[in-house]
Amino acid sequence: MTTDTAPAAPLAETVLEATDVVMRFGGLTAVNQVNLTVRQGEIVGLIGPNGAGKTTFFNCLTGLYVPTSGVVRYKGQVLPPKPHLVTQAGIARTFQNIRLFSNMTVLENVLVGRHTRTEEGLFSAILRGPGYRRAEAESRARAMELLEFCGLSGKADHLARNLPYGEQRKLEIARALASEPGLLLLDEPTAGMNPQETRSAEELVFAIRDLGIAVLVIEHDMKFIFNLCDRTAVLVQGQKIVEGDRETVQNDERVVTAYLGEPLEGTTTATEADQ
Amino acid sequence: MTTSSQKFAASHETTPVLRLPGTAALAAAVAGGVLAAASAAMSWTWTDQFPGDLTYYGSPAGLQWPALVGGLLTALLALAAHGLKGLRWLSPSGSHNGVLFAALGTLAVCWYSVIAITVQLDGLVNLDPGGWVAAVGSLLAVVGALGLPLDRRRTVKQTPFAPWWYLVAGVAVVLRVGFGQGWALNAVPPGVRPLFTENLWFFVAVPVVILGFRLWQLLDAWLRIGRIERPLPAARALPSWAEILVITAVFALGLGVVEFGISTEYGELFIGFLLLAVFATAALLAGGTVARLSELTTRHRAVTTGAAFAAAGAFPFTQSSETYVLIGANILIFATVALGLNVVVGLAGLLDLGYVAFLGVGAYAAALVSGSPYSVFRGLHLPFPLAVLIGALAALVFGVVIGAPTLRLRGDYLAIVTLGFGEIFRIAMNNLDGRSGPSLTNGPNGVAAIPDVNLFGFDFGRPHDFGFVQLGKFGNYLLLMLVVTAIVVVVFGRVANSRIGRAWVAIREDETAAEAMGINGFRVKLIAFALGATLAGLAGAVQAHVAGAVSPDQYQFAGPVPPNSAFLLAAVILGGMGTISGPLVGAALLFLIPAKLQFLQSYQLLAFGVALILLMRFRPEGLIANRRRKLEFHEAELPAQGGPTDDALSKAGA
Ligand SMILES: Nc1ncnc2c1ncn2[C@@H]1O[C@H](COP(=O)(O)OP(=O)(O)OP(=O)(O)O)[C@@H](O)[C@H]1O
Ligand SMILES: [Mg+2]
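Let's talk about the overall build of chain A
The number of helices and strands found in chain A is 12 helices and 10 strands. Against the globule reference of 19 Å for 275 residues, chain A gives a C-alpha radius of gyration of 20 Å, in line with a compact fold. In terms of principal-axis extent, the alpha carbons of chain A reach across some 70 × 45 × 40 Å. Within the span of chain A, comprising 275 residues, buried residues form 54% of the whole. Taking the intrachain contacts of chain A between residues at least 6 apart in sequence as the baseline, contacts between residues at least 24 apart amount to 70%. Averaging the coordinates of the 27 positive side-chain charges in chain A and doing the same for the 34 negative ones gives two points 7 Å apart.

Quick look at the overall build of chain B
Within chain B, the secondary structure is distributed over 25 helices and 6 strands. On C-alpha atoms alone, chain B measures out to a radius of gyration of 27 Å, which is about the 26 Å that the 2.2 N^0.38 rule sets for 654 residues. Principal-axis analysis of the C-alpha atoms gives chain B an extent of 80 × 70 × 60 Å. With 654 residues in all, chain B has 49% of them scored as buried. Considering only intrachain contacts with a sequence separation of at least 6, the fraction spanning at least 24 residues in chain B is 77%. Put simply, chain B shows about 29700 Å² of open surface, and 69% of that area lies on carbon and sulfur atoms. Here chain B contributes 39 positively and 33 negatively charged side chains, and the mean placements of these two sets differ by 8 Å.

Some points on helix α10 (residues 267–287) of chain B
Residue and element names in this part refer to chain B. In this model α10 runs 30 Å from its N-terminal to its C-terminal C-alpha over 21 residues, within 8% of the 30 Å that 1.5 Å per residue would give. Taken together, the buried positions of α10 are G267, E268, L269, F270, G272, F273, L276, A280, A283, A286 and G287. A positive backbone phi angle near 90° is found at G288, which sits one or two residues after α10.

A look at the domain arrangement of chain B
Along its sequence, chain B is organised into domain 1 (10–154 + 238–297), domain 2 (164–223) and domain 3 (319–587). Placing the centre of domain 1 of chain B and that of domain 2 of chain B at their C-alpha centroids yields a distance of 34 Å.

Some remarks on the sheet that holds strand β5 (residues 77–78) of chain A
All names here are of chain A. One open sheet holds the 4 strands; their spatial order is β2-β1-β4-β5, and the pairing between them is antiparallel. Here the strands that pair on one side only, and so sit at the sheet edges, are β2 (28–39) and β5. Bridge analysis of strand β4 (residues 69–74) against β5 gives 2 bridges, and the strand direction is antiparallel. Among the inter-strand pairings, Y74 is bridged to a residue of β5, identified as Q77. The strands touched by helix α2 (residues 54–61) are β1 (14–25), β2 and β4; relative to β1, the strand with the most contacts, the crossing angle is about 115°.

With respect to the state of the cysteines
Overall, the coordinates contain 0 disulfides over all chains when judged by the stated rule. Free of any disulfide, C150(A) has its nearest cysteine sulfur in C229(A), 18 Å distant.

Description of the domain arrangement of chain A
Residues and elements named next belong to chain A. Domain annotation of chain A identifies domain 1 (1–90 + 183–188 + 213–275) and domain 2 (99–180). Contacts between the two partners involve 10 residues from domain 1, matched on the other side by 7 residues from domain 2. Buried area between domain 1 and domain 2, summed over both chains or domains, comes out near 570 Å², and the portion from carbon and sulfur atoms is 61%. When residues of domain 1 are sorted by the area they lose upon contact with domain 2, T87, Q88 and L184 head the list and together hold 58% of the total. Where domain 1 touches domain 2, the interface holds 0 salt bridges.

Quick word on the site of ligand 1
Surrounding ligand 1, one finds 15 residues, the nearest of these being K54(A), T55(A), T56(A), Q96(A) and H220(A). Proximal residues around ligand 1 fall on chains A and B, making this an inter-chain site. G51(A) places a main-chain nitrogen or oxygen 2.9 Å from an oxygen atom of ligand 1. In this structure, an oxygen atom belonging to ligand 1 sits 2.9 Å away from a main-chain N or O atom of G53(A). Computed on the free molecule, ligand 1 has an accessible area of 630 Å², of which 76% lies beneath the protein chains in the complex. In the shell around ligand 1, the residues fall into 5 nonpolar, 7 polar and 3 charged.

Details of the packing of helix α4 (residues 106–113) of chain A against helix α7 (residues 165–177) of chain A
Residue and element names in this part refer to chain A. Relative orientation of the contacting elements α4 and α7 amounts to 35°, with a least axis distance of 7 Å. Seen along the crossing, α4 lies across α7 with a hand that is right-handed. The segment α4 lies against α7, with V106, N109, V110 and G113 engaging L171, A174 and R175.

Remarks on the coordination of the magnesium ion (ligand 2)
Six octahedral donors at a metal ideally form angles of 90 or 180 degrees, and four tetrahedral donors ideally form angles of 109.5 degrees. Residues and elements named next belong to chain A. Coordination of the magnesium ion (ligand 2) by the protein involves T55 (OG1) and Q96 (OE1), with metal-donor separations of 1.8 to 2.1 Å. Of this pair, T55 sits in helix α2 while Q96 sits in the loop between β6 (91–93) and α4, and the two are 41 residues apart along the sequence. For T55, a relative accessible area of 11% puts it in the buried group.

Quick look at unusual backbone geometry
Phi is positive for E188(A), close to 50°, though the residue is something other than glycine. Within the secondary structure layout, E188(A) lies in the loop between β7 (183–187) and α8 (195–210). With phi around 55°, R224(B) is a residue other than glycine that occupies positive phi space. Note that R224(B) resides in the loop between α8 (200–223) and α9 (240–262).

Looking at the sheet that holds strand β9 (residues 231–236) of chain A
All names here are of chain A. Spatially, the 6 strands line up as an open sheet ordered β6-β7-β8-β3-β9-β10, and their pairing is mixed. Since the sheet does not close on itself, it has two edges, and those belong to β6 and β10 (239–244), each with one partner. With strand direction ignored, the average angle separating the axes of adjacent strands in the sheet is 20°. Sheet topology places β9 next to β10; 5 bridges connect them, and they run antiparallel. Counterpart to T232 in the pairing with β10 is G244. Where α7 meets the sheet, its contacts fall on β6 and β7, and the angle it forms with β7 comes to roughly 155°.

A look at the packing of aromatic side chains
Residues and elements named next belong to chain B. With the rule as written, the count across this model stands at 15 aromatic pairs over all chains. Pairing F358 with F421 gives two aromatic rings, centres 5.2 Å apart and planes at 35°, and the pair type is tilted. One end of the pair, F358, is in helix α14 (residues 356–368); the other, F421, is in helix α16 (residues 413–431), with 63 residues separating them in the sequence. Put simply, the rings of Y355, F358, F398, F421 and F529 pair up and form one aromatic cluster.

Rules used in this analysis
- Residues numbered from 1 in each chain as written.
- Chains lettered and ligands numbered in written order.
- Predicted model: local features only at pLDDT ≥ 70, side-chain atom pairs only at ≥ 80, totals over all residues.
- Heavy atoms only, no water.
- Helix = DSSP H or I, 4+ residues; strand = E, 2+ residues; numbered from the N terminus.
- Rg over C-alpha atoms; globule rule 2.2 N^0.38 Å.
- Buried < 20%, exposed > 50% of the residue type's maximum accessible area, 1.4 Å probe, protein only.
- Contact = heavy atoms within 4.5 Å.
- Lys, Arg positive; Asp, Glu negative; His and termini not counted.
- Charge placed at Lys NZ, Arg CZ, Asp CG, Glu CD.
- Areas by Shrake-Rupley, 256 points an atom, 1.4 Å probe, with all protein chains shown as cover.
- Expected span 1.5 Å × (residues − 1).
- Domains from an automatic or database assignment.
- Pairing = 2+ DSSP bridges.
- Axes fitted to C-alpha atoms, helices over the stretch in contact; angles between N-to-C directions.
- Disulfide = S-S within 2.5 Å.
- Buried area = accessible area lost by both parts, 1.4 Å probe.
- Salt bridge = Lys/Arg side-chain N within 4 Å of Asp/Glu carboxyl O.
- Near = heavy atom within 4 Å.
- Polar contact = N/O pair within 3.5 Å; in protein donor to acceptor, adjacent residues only side chain to side chain.
- Nonpolar A, V, L, I, M, F, W, Y, C, P; charged D, E, K, R; others polar.
- Left-handed = near helix turned anticlockwise from the far one by under 90°.
- Donors = N, O, S within 2.8 Å, 3.2 Å for Na, K, Ca; no water.
- Phe/Tyr/Trp six-rings, centres within 6.5 Å; stacked < 30°, edge-to-face > 60°.

Take a look at the structure:
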């Protein structure tokens, strides 16, 4: 009764709160008045047809784009639109098109992810005092832990570019986790994976959630999304048309139309888009 | 490993170019090499008119030395690749391509010598039997090597060669003759005639380049020489002291080779040296000796560094002439500056086209406080360490001032701004003479007569006795510069492999992703830029004291004399970006080659350009590939898979 999950959810702390985010590119409104909250311990899905503005929304959240209007808060604090400050604050991300440091080793990639959580500067690097050595050793140990967590422990000394595709995606996640985020944004983490790899990615996301990290994930694979997510938001032509659990989303006719590629004239979304 | 050999099996084969019966190929290669080597002990020409005096029987001289070394190397590599016990270490990969390269090197040296003798002394009669033996022996070695099973590509991709290029070459030759004899001048207005008569070389260069390219294409199609990455067999385990001994021996050998190169007294000998050095390096690379050695040096990094510095420090003691020691000191300065530039270009990936200006800032700042009578602060004579510090700090300030506004922007703005800064610096130094501007730098005359360094009573300007040997002025300075080099090497090595160094490389690899990982791109780039400037300033302060004078025209964007910005950049890229030894080696070569090829005069830069093109064609990663690139080779068994590279890449950010 009191341990029922539904009433407990609103009590969890809000991690991400995006309010009325708008992103315009010239005449194109790629993201239109999107509101989204993510709470502690949640896995939230973001779906929508190609070009719906999902990645653009991510870019607005992480400071890669400066939103035309709207506010993004992380744990109550307004985020400055600078990628490195966003990461510093506690949001980490992966990219839809893998963007590893391809000529660095797997371990080095993860160590770069630790950048915000370490502070050795130029002089301590030159002097190499005991404090520096300790911090460096700690970083390495932590990075190796993360590689193990993501199932890459045997590949630490390989070049990132030489990893198979699925492992490159895992490495991107490991690198993002290295910044000790409170919220992880995954942009199509299973794109191009075979079913087996998708299964292990699913497990990885659950494991991340169990670490207490909230996850916001974009994906086209519905099975993956509905297996994983507590809540799913649907973006169509830059607008969030529906948000809710599996049933709500699957039974919404606007979602069905959007995915079947019906022309949008006469539907509610079209009239809203005209405004 | 199986996939790697399969990959190569599809595109490569191991076959001889010439089909020779039985072991004839091996015999020919060995015999040819031995003949060429033996000819070094014979007389090549009867008069001592040809530089180096090649008339003696019994002892090699001048150009005979490279012939001797090349011949021996060919014979030994042939036996080693054949699998002769006790020689396998010389060719661990088992590839025969090294034999061909060594033989070609020997051929180049011997035929160059023979042709030079014939041309300079006017006629084949001037050749002694030794010359004939060298020519025939080296040719035999090449024929033999072509009969060995070589690693070759199955197909050769070539850009099509349009026949009308022959026409262009022909017209150029006709014009050369026409302008040379004067009759073609009637076709051009008198005003522009000097343009043609003074640039006759152009009409020679055009056909040479066109025909050279065509010849290369034909040769390439015939030889199809390729490179199969073979996994090296595990090295025989040596005790640690033996490995260290090997490293020491290699560096001693290296010192010998460099010394030979620096102290070549005439152009012909240097060309012979260079030809052999290029081919021998290619031979050792193909044979896997270089890979084996680098395994060894990575295992004993400290010993390697120590041996390298010991070799450089020993150099002035082995020289009797101060000129060559000065060359050595200048090489060190140039190399140190190149290493500083490597922080900016190699690690952080920032294109700095005016780097030499920071060297100039350091040099001028130190010169002004050095107590030179030409300095505006005439009475001010700060101790040397303080002058160096001021030089480095001044460069740091300029680095920050230039970098802070520019590095906020992405793209090529930095290249443009630094290029401008380099020019502005030189022009400003020219004009701050009290007439066209405030009096600071003494204008084009520069600050001369900088007093010699005196550290703790040790006067760097005077010779000192060390036991049996005497160390002259430039020897002292060389050792001083070596200390600065050591500082820069340590700084580079430590920073490259640290949090900040990784951030630089990450920025270079993908700036958007790096920023998404929490790296403040502007901040770390500014640190790289400022550190680079500071290291250049440090070297500049020493340079001012070694040269004893600074003047504006020492700090150009491009010119025939290093260090200038273009040469510095070339040294970094040639040597290998992101490595320590790469820019040092690259700088040494880039300093030595122009200095030694002065007799080519106006063709010098042309020859230099051709050499650069060849190097970039055959070894685009630079002479010394860095650790990460090495990994690439070792991981040949993994199929390289990148992400999908559609244009959506740009969609995800930036
Ligand atoms: N920098 C930009 N400049 C102009 N238009 C842009 C820019 N970035 C994105 N867009 C446009 O915004 C729209 C949304 O793109 P976005 O990449 O966010 O879609 P998406 O939902 O991630 O699609 P997909 O599922 O294919 O990844 C597209 O029409 C795209 O062309
Ligand atoms: Mg997308």
